[in-house]
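Observations on the three-dimensional arrangement
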Amino acid sequence: PNFQPSFLDYPKTLDGVKNIYLETDLWILDAMSELNPIGDFEQVNKNAITVSLFGYPCKIVSLADLIRIKETMSRPKDKETLLHLKEILRKTKGDK
């Protein structure tokens, strides 16, 4: 009843798949092929930052780009997250 196919087995190809959500013991990792309004991987990669994740370099979307993405969303949880992201940006820029 709770069977969930492995993303390694299903679908057989990733043609047409835009998002993959990998559930781990720590969090859900979103692997997305496009982030509106930023664009495709090449566009996101231009501003991406590299962080260490369990000792491995991992590129993530920049805070400024994440704010731009959240500004286009209308879900209440995205609007709330946007407030927090803007506050983080303000604090990291040294504004009081």
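Conventions adopted
Residues numbered from 1 in each chain as written. Predicted model: local features only at pLDDT ≥ 70, side-chain atom pairs only at ≥ 80, totals over all residues. Heavy atoms only, no water. Helix = DSSP H or I, 4+ residues; strand = E, 2+ residues; numbered from the N terminus. Buried < 20%, exposed > 50% of the residue type's maximum accessible area, 1.4 Å probe, protein only. Contact = heavy atoms within 4.5 Å. Areas by Shrake-Rupley, 256 points an atom, 1.4 Å probe, with all protein chains shown as cover. Polar contact = N/O pair within 3.5 Å; in protein donor to acceptor, adjacent residues only side chain to side chain. Phe/Tyr/Trp six-rings, centres within 6.5 Å; stacked < 30°, edge-to-face > 60°.

Below, the discussion takes up the overall build of the protein. For the protein, the helix and strand inventory stands at three helices and six strands. The order of helices and strands in the protein, counted from the N terminus, is β-β-β-β-α-β-β-α-α. Evaluated residue by residue, the protein yields a buried proportion of 14% over its 96 residues. Within the protein, residue pairs in contact and separated by at least 24 positions form 22% of the contacts whose partners lie at least 6 positions apart. Looking at the protein as shown, the accessible area adds up to about 8200 Å², and 58% of this sits on carbon and sulfur atoms.

Moving on to the environment of Thr 92. Mapped onto the secondary structure, Thr 92 falls in helix H3 (residues 76-92). The exposed category is assigned to Thr 92, whose relative accessible area is 58%. In terms of polar contacts, Thr 92 uses its side chain to reach the backbone carbonyl oxygen of Leu 89, at 2.9 Å.

Let us now look at the packing of aromatic side chains. In this structure the tally under the stated criterion is one aromatic pair. A centroid spacing of 6.2 Å and a plane angle of 20 degrees characterise the contact between Trp 27 and Phe 54, whose relative ring orientation is stacked. Of the two residues, Trp 27 is situated in the loop between strand E1 (19-23) and strand E2 (28-32) and Phe 54 in the loop between strand E5 (49-53) and strand E6 (56-60); the sequence distance between them amounts to 27 residues. For Trp 27, a relative accessible area of 36% puts it in the partly exposed group.

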